[in-house]
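Descriptive structure summary
The residues making up each chain are set out below.
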Amino acid sequence: MKKVALITGSSRGIGRAEARKLAEDGYAVCINYIERKDKAEELVAELTEKGYEAMCFRADVSKSEEVNAMVKAVEEKLGHVTLLVNNAGIAKQCLFQDMTEEYWQHMFGVNLNGAFNTIQAVLPNMLHEHAGCIINTSSIWGMHGGSCEVAYCSTKHAIIGLTRALAQELAPTHIRVNCVAPGVINTDMVQVLGEETLEMLAEETPVGRLGKPEDIAAVVSFLASDAAEFITGQVITSDGGFMK
């Protein structure tokens with residue numbers, strides 16, 4: 001069966017590294033984006049030049065109709081999705097008492113409903129083939145909580161529940177569902193914390209540095225591989241020992 005990977009939110013950061021790694025692993029990849037068309041097309045050109053099969057597609061994962069259109073386009077150009085990596089997500093700090101309903105709904109719309117929409121779109125063929133792999137993205141903050149991040153932490157904790165329950169449901173059909181929980185990864189998303197805070201976080205990390213997008217891509221690559229065929233329903237933390 002041809003290996004086809006859909007990686008949401010993959011024009012930049014962790015998703016970009018995941019797309020590169022999975023292409024190297026032999027997957028035809030779809031890079032999903034919502035704003036940075038330039039970065040998505042740049043990555044497609046890079047991978048194509050190296051001889052890999054790649055495409056990009058703009059879709060807001062919080063909207064099921066856009067997700068369905070994306071999956072249809074992937075199937076027409078690359079083939080049925082055999083690996084789904086739910087990487088798209090947003091993060092923002094906010095005091096709970098200052099949080100609006102709109103803020104809360106938007107966070108859940110992207111981080112949790114986005115995963116629901118993509119899984120629903122790719123699952124019918126996986127069920128038909130009795131094969132497939134789904135990898136969701138949580139966070140160490142979804143496991144341990146964090147001040148001023150109630151909405152974000154709630155969505156990431158829900159992703160863990162989704163992963164564990166769906167893994168049980170799909171195991172008889174040989175579809176594996178796992179989750180990676182990154183620590184502090186040096187991407188655009190964390191730059192808003194400021195250089196001083198990032199230096200402090202690096203010092204607090206036992207391995208002595210912040211994570212790199214490639215660190216998470218390596219975990220995703222493993223979870224998608226045959227070496228992990230007996231692993232499902234698990235949450236793999238990659239945080240350099242940050243959470244004791």
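We now turn to the structure provided with this report. Source: prediction; values computed, not measured.

1. Details of the sheet that holds strand β5 (residues 132-137)
In spatial order, the strands read β3-β2-β1-β4-β5-β6-β7; together these 7 strands make up an open sheet with parallel pairing. Each of the sheet's edge strands pairs with one partner strand only, and the pair in question is β3 (54-58) and β7 (235-238). The sheet shows a mean angle of 20° between the axes of neighbouring strands, direction not considered. Examined bridge by bridge, β5 and strand β6 (residues 175-182) share 6 bridges and lie parallel to one another. Bridged to I134 within β6 is V177. On the sheet, helix α1 (residues 13-24) packs against β1 (4-7), β2 (28-33), β4 (83-86) and β6 and is oriented at approximately 175° with respect to β1.

2. Things to note about the nonpolar core
Counting residues in hydrophobic clusters, the biggest one holds 28 residues, and the most contacted among them are L6, V74, L78, I134 and L170. Listed by contribution, the elements that provide at least two residues to this core are β1, β2, α3 (64-77), α5 (113-129), α7 (150-170) and β6. With residues near it in sequence (within four places) discarded, L6 still touches C30, M70, V71, V81, L83, L84 and V85. Within the second largest apolar cluster, 26 residues are counted, among which are L22, Y27, V29 and C133.

3. Focus: α3
With 14 residues, α3 extends 20 Å between its outermost C-alpha atoms, agreeing within 8% with the 20 Å of an ideal straight helix rising 1.5 Å per residue. Among the residues making up α3, those that are buried are V67, M70, V71, A73 and V74. Buried residues of α3 fall within an arc of 160° about the axis and therefore sit on the same side. Of the exposed residues in α3, those oriented more than 90 degrees away from the buried face are E65, K72 and E76. Where the residues of α3 are buried, they touch β1, β2, β3 and α5. G79, located one to two residues past α3, shows a positive phi value of around 125°.

4. Here we look at the packing of α5 against α7
Two elements in contact, α5 and α7, have axes separated by 13 Å at closest approach and are oriented at 15°. Overall, the two elements α5 and α7 adopt an arrangement that is roughly parallel. Relative to α7, the crossing made by α5 is right-handed. Taking contact as the criterion, the partners of A115, I119, L123 and L127 in α5 are, on α7, I159, L162, L166 and L170. Here the residues of the contact of α5 with α7 sort into 8 nonpolar, no polar and no charged.

Criteria and cut-off values
- Residues numbered from 1 in each chain as written.
- Predicted model: local features only at pLDDT ≥ 70, side-chain atom pairs only at ≥ 80, totals over all residues.
- Heavy atoms only, no water.
- Pairing = 2+ DSSP bridges.
- Helix = DSSP H or I, 4+ residues; strand = E, 2+ residues; numbered from the N terminus.
- Axes fitted to C-alpha atoms, helices over the stretch in contact; angles between N-to-C directions.
- Contact = heavy atoms within 4.5 Å.
- Core = buried A, V, L, I, M, F, W, Y, C linked by side-chain atoms within 4.5 Å.
- Buried < 20%, exposed > 50% of the residue type's maximum accessible area, 1.4 Å probe, protein only.
- Expected span 1.5 Å × (residues − 1).
- Arc of directions from axis to C-beta.
- Parallel < 35°, antiparallel > 145°, perpendicular 65-115°, else oblique.
- Left-handed = near helix turned anticlockwise from the far one by under 90°.
- Nonpolar A, V, L, I, M, F, W, Y, C, P; charged D, E, K, R; others polar.

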